[in-house]
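Examining the three-dimensional arrangement
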Amino acid sequence: MNLVIAFILVPFAGMLLIPFLKVNGKGIAAFVLLAINALISSYFAIQSLLGDAIVFTLPGSFITGDFTACFT
Amino acid sequence: MKAYRQQRNNLTLHSITFVVQHAAMISVCVIQNSFAFLIAWEMIALTSFLVIIFEHEHIATIKAGINYLIQAHFSILFLMIGFIWVASKTGSYDFEAITSYSASIPVSASFMLFMFFFIGFAIKAGFVPFHTWLPYAHPAAPSHVSGIMSGVIIKIGIFGILRMLLLVKTDFTSVGYLILIVSLISGLYGVMLAIIQHNLKKLLAYHSIENIGIIGIGIGIGCIGTGTGNQVLAALGFAGALLHTLNHALFKSLLFYTAGNVYQATHTMDIEKLGGLIKRMPQTAVLFLIAAIAISGIPPFNGFVSEFIIYTGLYNWLSDASLLSLLAAIFSTMGLALIGGLAMMCFTKAFGVVFLGTARCELPSSCKEVPFLQLFPMYILAVFIVLIGLFPVSFISLLSQPVSLFIGTGSLMFNASQLNALNAIQPVSWASWILILLVISIFLVRRFVMSRHKISTGPTWGCGYVASTPKIQYTASSFVRTYSKLFAPFLLIGKHEEEIHGIIPSEGKYHTHPYDEVEKWLIDSPLKLNKSFMGRFLFLNNGKLQFYILYGVLFILAVLSIPLIYQNIYSFIGFLKQL
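Summarised in this report is the structure supplied together with it.

What counts, and at which threshold
- Residues numbered from 1 in each chain as written.
- Chains lettered and ligands numbered in written order.
- Predicted model: local features only at pLDDT ≥ 70, side-chain atom pairs only at ≥ 80, totals over all residues.
- Heavy atoms only, no water.
- Helix = DSSP H or I, 4+ residues; strand = E, 2+ residues; numbered from the N terminus.
- Rg over C-alpha atoms; globule rule 2.2 N^0.38 Å.
- Buried < 20%, exposed > 50% of the residue type's maximum accessible area, 1.4 Å probe, protein only.
- Areas by Shrake-Rupley, 256 points an atom, 1.4 Å probe, with all protein chains shown as cover.
- Lys, Arg positive; Asp, Glu negative; His and termini not counted.
- Charge placed at Lys NZ, Arg CZ, Asp CG, Glu CD.
- Contact = heavy atoms within 4.5 Å.
- Buried area = accessible area lost by both parts, 1.4 Å probe.
- Salt bridge = Lys/Arg side-chain N within 4 Å of Asp/Glu carboxyl O.
- Polar contact = N/O pair within 3.5 Å; in protein donor to acceptor, adjacent residues only side chain to side chain.
- Nonpolar A, V, L, I, M, F, W, Y, C, P; charged D, E, K, R; others polar.
- Phe/Tyr/Trp six-rings, centres within 6.5 Å; stacked < 30°, edge-to-face > 60°.
- Lys NZ or Arg CZ within 6 Å of the ring centre and 35° of its normal.
- Core = buried A, V, L, I, M, F, W, Y, C linked by side-chain atoms within 4.5 Å.

**Thoughts on the overall build of chain B**
- In terms of helices and strands, chain B carries 23 helices and 2 strands.
- Over its C-alpha atoms chain B spans a radius of gyration of 27 Å, differing by no more than 12% from the 25 Å that the globule rule assigns to 579 residues.
- Once the C-alpha set of chain B is aligned to its principal axes, its extents read approximately 105 × 70 × 50 Å.
- The 579 residues of chain B split such that 50% are buried.
- Accessible surface for chain B amounts to roughly 28,300 Å². Of this, 70% is attributable to carbon and sulfur atoms.
- For chain B, the separation between the mean place of its 33 positive charges and that of its 21 negative charges on side chains is 6 Å.

Structural data, given as structure tokens:
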């Protein structure tokens, strides 16, 4: 679950961080953030390909119901 | 041309949206709730629009971006109808509700439900006739974005179709035939238009449509296999489609990245102006060649493996006894073969004109190979292209898990594969190894033999003609002239010719502009009609403030009176029913 929260927070970190960096820094920051998210999602995807289905649920509202996400 | 890193004002927004786009794309693939899915889908549309318009100083870029944004929202509209339909009947936004609801309604209704989802995802995937955003968005976007768009974003459309095939319970045979027909048209139309393009990125964009067609053929025969209970056909169809999805992401990204190298070095994408780049950019040329061979479906690279699996499925289908299946299998096989042949022709033209011969126009003095750091990711893609070609069985076995979702059992994939695909794929792998070793051996022998000879270079012998210019070379248009004549009824090529007069004629000009026939009929003509219709109301736009206030008042009155009118009509109908 911590990894899922990290995945959601990465774009927000980018929004806060990138505007204050210089040209080279912007590119490096974008690359690092993309790499972090790619690694997190790859971990789940490889687990799934090897046969371990991963399901996690985030709380939603009374209209939408809970948000289920799943690697199957 | 300004280098991307020099456009400082655009870089911040671009970097942020690129990261958000990536997160949204991954989210779409795992979310199981239609409400959240639509939010992530919208995020992809908006962030893609922002990354496409990176160079928003150019009017063509803005137009391409807006075109994409509008079509992406048509996609959302269709998906929304499908999701709201299910949610209004079941009260749940969960994906499981789609399965339970579609199982409880008649097949015709579930087919209609699937069609809403299919059109929504087909717009994103670029199936004909929903492809018209692709040839504009890909060339307008920076090359790294084009690579992501062609390699990943359009695959999200394919993912969506596959996801809905798992969720919606409907008549898979009808769905399969529908997807097969649309895919064959997409594949053929995409490659037919790709051949006549002058812009390298536009050429690659049309090839994306062609490859989506090939993936669709795999999905189509997979669905027919599922619908008719032919599990070998289902396994081969879905396996071929999934592997080609991965393969296309690899070689098309590589093609767009190498096209980006060419643009960076030459500042143009017009292939009629290029030529001889292999001398200045040898590594880019080799990488482009690897990707071009792969996309043409030639061994020993990955494109061949996935197309081979689809062909195996089609041959398996040919043994089916029914006449309709037999005809469909024959036409599909012929169509796939024609697509492959035309793709090979197109890339022979593209590689030959861009990298071989000599430059047709003066190239910038800065035209040279890009730095290794920029080439490094392309080498990684090339390595995967080669690896899948050399070890196809390992990659196919990875597909057993996803394919089993479509055919219902985990072990069936291997039964089917043992029967047909895997037995044939293994010798293909060995043949690929032998081919590569043979090429390396010939190269080494040649190098050894030539090392003993002194090689001198000089101008090409012109048969005594001394006024030769690089423009005498074969152009891209002349290379495909016979093809253009042969397929003229299906192609729309605008020609502008200035006739040559006089004994000593002045300079003559001849331009050709390829147009998209589907775009003309589906978008340009309705827009023209709409413009002409709306033109009749131009008098309303008279610039007088009083009139605008009046329009506002009339609008408010209309909004207030419509419910009253509706209520009265409803009461009147109730009264008539009572009578």
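**Section: the interface of chain B and chain A**
- On the side of chain A, 28 residues touch chain B, which itself brings 25 residues to the contact.
- Together, the buried faces of chain B and chain A total about 2,300 Å²; carbon and sulfur atoms form 73% of this surface.
- When the buried surface of chain B facing chain A is broken down by residue, B:I16, B:V19 and B:V30 rank first, second and third, together holding 22% of it.
- Summed over the shared surface of chain B and chain A, the number is 0 salt bridges.
- In this structure, the connection of chain B to chain A is made through 1 residue pair in polar contact (both at pLDDT 80 or more).
- Secondary-structure elements contributing two or more residues to the side of chain B that touches chain A are helix 1 (8-30), helix 2 (34-52) and helix 17 (400-407) of chain B.
- In terms of residues, the side of chain B that touches chain A owes the most to one element, helix 1 of chain B, which gives 14 residues.
- Considered class by class, the residues forming the side of chain B that touches chain A number 15 nonpolar, 7 polar and 3 charged.

**Quick notes on the packing of aromatic side chains**
Residue and element names in this part refer to chain B.
- With the rule as written, the count across this model stands at 31 aromatic pairs over all chains.
- Centroid distance F83 to F95: 5.9 Å. Interplanar angle 10 degrees. Geometry classified as stacked. Taken together, the residues span a long stretch of sequence, with F83 in helix 3 (residues 59-90) and F95 in helix 4 (residues 95-104) at a distance of 12 residues. Grouping residues by exposure puts F83 and F95 together as buried.
- Sitting over the ring of W41, K124 keeps its end group 5.1 Å from the ring centre.
- In this structure, K202 packs its charged tip against the face of Y136, placed 4.9 Å from the ring centre.

**Some words on the nonpolar core**
Residue and element names in this part refer to chain B.
- In terms of nonpolar packing, the biggest core is built from 153 residues, with L165 and I219 touching the most fellow members.
- The greatest single-element share of this core, amounting to 18 residues, is contributed by helix 10 (residues 231-266).
- For L165, the contacting residues outside a window of four places in its chain are F114, F172, V175, I219, C223, F238 and F406.
- Counting residues in hydrophobic clusters, the runner-up holds 16 residues, among them I214, L233, Y311 and L314.

**Looking at the environment of B:G276**
Residues and elements named next belong to chain B.
- Relative to the elements of secondary structure, G276 occurs in the loop between helix 10 and helix 11 (277-280).
- The spatial distance from the C-alpha of G276 to the C-alpha of R360 is 8.5 Å, given a sequence separation of 84 residues.
- Sequence-distant contacts of G276, that is, excluding residues within four places in its chain, are made with V354, F355, L356, G357, T358 and A359.

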